[in-house]
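# Residue-level structural notes
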Amino acid sequence: MSEEKSLEEKKKEAAAKAKAAALAKLEAKKKMEAKASESIEETTPAETPVGDDAKELAKKKAAAAAKAKAAALAKQKAKEQAESEAESTEPTDDAKELAKKKAAAAAKAKAAALAKQKAKEQVGSEAESTEPTDDAKELAKKKAAAAAKAKAAALAKQKRDTGEAPATETDGEDAKAKAIAAAKAKAAAAAKAKAAALAKQQRDGGATGAAGEADTASPDLQDEKAKAVAAAKAKAKAAAAAKAKVAAAAKAKGTSGSTAAAESDTPSPPSTNQKYLDKYVKVINDNLGENTLEDAYINPLSKDVPTLVAKPENYYKVASFLRYNEQLTFEFLSEMHGTDFETHMEIYNHLYSYKNKQSVALKVKIDRENPVIPSIQPIWEGANWPERETYDLLGIQFTGHPNLTRIMMPDDWVGYPLRKDYEPYDVEV
């Protein structure tokens, strides 16, 4: 029995060994096939057919390899990112310096704001302190009372010193009452004056504002103003014409003038400058014609200077001849001015010749209603400003002048102050 069991056991053991060997053989075969399939897939995976298990295994391996590679790459990126962030978060020296500057600027601005606020509070407190308080008013009253008392005492002492009867207590009280009443009256007068000044200031401001609004808002008022200006000009012109007419009538009767002096019954002795005058007249007549001059005489009122009166149409020609003629050569214009004779305007020029050491006066008479004459500025540069002055004050027009504008009066000034009929123009009066 035991031999049969041992045999049976031997059979089982043999069968198990055989089965294990078969299994090992099968495993070995599978491994060989898998290895072969792997090698085949590495060389020609598409062309070499493999089994389903091998393909599945290969796919799993490839997926695992790809996953592992992706994980490695992700890990590496995370590491690099962490390193870069760590580097970026570390403050550099420049960043530290900039942060320090910002902090300093913020502190400075804060300190300035605090100082400004303190100054404002201080100004407000000072302004409040300057306002008179009740205590200050009371103190002022006490001071006024003390001053009045001292004054009363001084008056009493003065009376005693002068032998007058000493002041009684009643007199002192009366004096004190009078002083207080005077102080009150003085304060009331000051308050009244202040109120009157404020009222006047308000009235002036209101009037000015109203006038400004009228100027800008009412064209009718502007028209009225323009009409008033035109009327004033017309009035001044009429007055000038009337005066000129009266003056012409008086002159017609013959009482003054250079020609009247020459026709007097008692002729004066000839001037030492007569020979120079004769010379000038002869040279001019020989070169420019007999009718070039309107008059020629010795002026006893001006140091017997030889005086030539040119006709208006020959004025510039005579002036140029006096300047450039070799026998005359009056190269210096020492004086020039204009005069309103009411019947006419007159230009006076005093010339001097350094070559001959002689003087001559050149005059020209101009129509008063149309005072226009050529400028001699091109001949003598020194006539520039005197002609402007003559134009400014008398209204004489100098044609050819390079800059004939007012020299003393404003450009919009109405009238010419040196005219005999000049009346100050002011539409507001």
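See above for the structure.
Calculation rules
Residues numbered from 1 in each chain as written. Predicted model: local features only at pLDDT ≥ 70, side-chain atom pairs only at ≥ 80, totals over all residues. Heavy atoms only, no water. Helix = DSSP H or I, 4+ residues; strand = E, 2+ residues; numbered from the N terminus. Buried < 20%, exposed > 50% of the residue type's maximum accessible area, 1.4 Å probe, protein only. Contact = heavy atoms within 4.5 Å. Areas by Shrake-Rupley, 256 points an atom, 1.4 Å probe, with all protein chains shown as cover. Core = buried A, V, L, I, M, F, W, Y, C linked by side-chain atoms within 4.5 Å. Pairing = 2+ DSSP bridges. Polar contact = N/O pair within 3.5 Å; in protein donor to acceptor, adjacent residues only side chain to side chain. Expected span 1.5 Å × (residues − 1). Axes fitted to C-alpha atoms, helices over the stretch in contact; angles between N-to-C directions. Salt bridge = Lys/Arg side-chain N within 4 Å of Asp/Glu carboxyl O.

### Re the overall build of the protein chain
- Looking only at helices and strands, the protein chain features 10 helices and seven strands.
- Counting over 429 residues, the protein chain shows a buried share of 21%.
- For the protein chain, the proportion of contacts with a sequence separation of at least 24, taken over those separated by at least 6, is 52%.
- By element, 57% of the accessible surface of the protein chain is carried by carbon and sulfur atoms, the whole surface being about 31200 Å².

### Digging into the nonpolar core
- Residues Leu-308, Leu-322, Ile-347, Leu-362, Ile-376 and Ile-396 are the most contacted members of the largest nonpolar core, which totals 33 residues.
- Those elements that place two or more of their residues in this core are helix H8 (274–288), strand S1 (293–299), strand S2 (305–310), helix H9 (315–324), strand S3 (332–340), strand S4 (345–353) and strand S5 (358–366).

### As for the pairing of S2
- For S2, a buried count of six out of six residues is recorded, marking the element as mostly surrounded by other parts of the structure.
- Residues Val-305, Thr-307 and Val-309 line one face of S2 and the alternating positions Pro-306, Leu-308 and Ala-310 line the opposite face, and both faces are buried.
- Here six bridges tie S1 to S2, and the two strands are oriented antiparallel to one another. Paired with Ile-298 across the strands is Pro-306, a residue of S2.
- Connecting the antiparallel pair S1 and S2 is a turn made up of five residues, with Lys-303 showing a positive phi of about 60°.
- Pairing geometry for S2 and S5, over four bridges, is parallel. Bridge pairing links Thr-307 to Ala-361 in S5.

### With respect to the pairing of S5
- Counting buried positions along S5 yields eight of nine residues, so the element is predominantly enclosed.
- As defined by bridge partners, S4 adjoins S5 across nine bridges and the pair is classed as antiparallel. For Tyr-348, the partnering residue across the bridge sits in S5 and is Lys-363.
- Between S4 and S5, which pair antiparallel and follow one another directly, the connecting turn spans four residues, one of which, Lys-357, has a positive phi of 55°.

### Points about the side chain of Asp-340
- Among the structural elements, Asp-340 can be located in strand S3.
- Judged by its relative accessible area of 2%, Asp-340 falls in the buried class.
- Of note is the side chain of Asp-340, whose polar atom sits 2.8 Å from the side chain of Arg-368.
- Setting aside residues up to four positions removed in sequence, Asp-340 forms contacts with Met-345, Arg-368, Leu-394, Leu-418, Arg-419 and Lys-420.

### Digging into helix H10 (residues 384–394)
- Most of H10 sits out of view: nine of its 11 residues are buried.
- Three or more residues of H10 are buried, namely Asn-384, Pro-386, Glu-387, Arg-388, Thr-390, Tyr-391, Asp-392, Leu-393 and Leu-394.
- Elements that come into contact with the buried residues of H10 comprise S3, S4 and strand S7 (397–399).
- Phi turns positive, to about 80°, at Gly-395, one or two residues after H10.

### Digging into H8
- Helix length check: H8, at 15 residues, gives a terminal C-alpha distance of 21 Å against a target of 21 Å (1.5 Å per residue), a fit within 8%.
- Turning to H8, its buried residues are Leu-277, Tyr-280, Val-281, Val-283, Ile-284 and Asn-285.
- Contact partners of the buried residues in H8: S1, S2, H9 and S5.
- In the stretch just after H8, Gly-289 is the one whose phi turns positive, near 115°.

### Quick look at the sheet that holds S2
- If you walk across this open sheet you meet the five strands as S1-S2-S5-S4-S3, and the pairing is mixed. Strand pairing shows two members of the sheet lacking a second neighbour, S1 and S3, which therefore form its edges. Averaged over all pairs of adjacent strands, the angle between their axes in this sheet comes to 20°, without regard to strand direction.
- Across the sheet, H10 is in contact with S3 and S4; its angle to S3 comes to roughly 5°.

### Some remarks on the pattern of salt bridges
- Going through the model one piece at a time under the given rule, you end up with five salt bridges.
- Across the salt bridge formed by Arg-368 and Asp-340, the nearest N and O atoms sit 2.8 Å from each other. One end of the pair, Arg-368, is in the loop between S5 and strand S6 (372–374); the other, Asp-340, is in strand S3, and 28 residues separate them in sequence. Each member of the pair, Arg-368 as well as Asp-340, is classed as buried.
- Linked through salt bridges whose partners overlap, the residues forming this network are Asp-340, Arg-368 and Asp-421.

### Notes on unusual backbone geometry
- Phi at Lys-303 is positive, roughly 60°, even though this residue is not glycine.
- As for its position among the elements, Lys-303 is in the loop between S1 and S2.
- Its relative accessible area of 79% is what places Lys-303 among the exposed residues.
- Phi is positive for Lys-357, close to 55°, though the residue is something other than glycine.
- Within the fold, Lys-357 resides in the loop between S4 and S5.
- We classify Lys-357 as exposed; its relative accessible area is 59%.

Shape descriptors only; they carry no functional weight alone.
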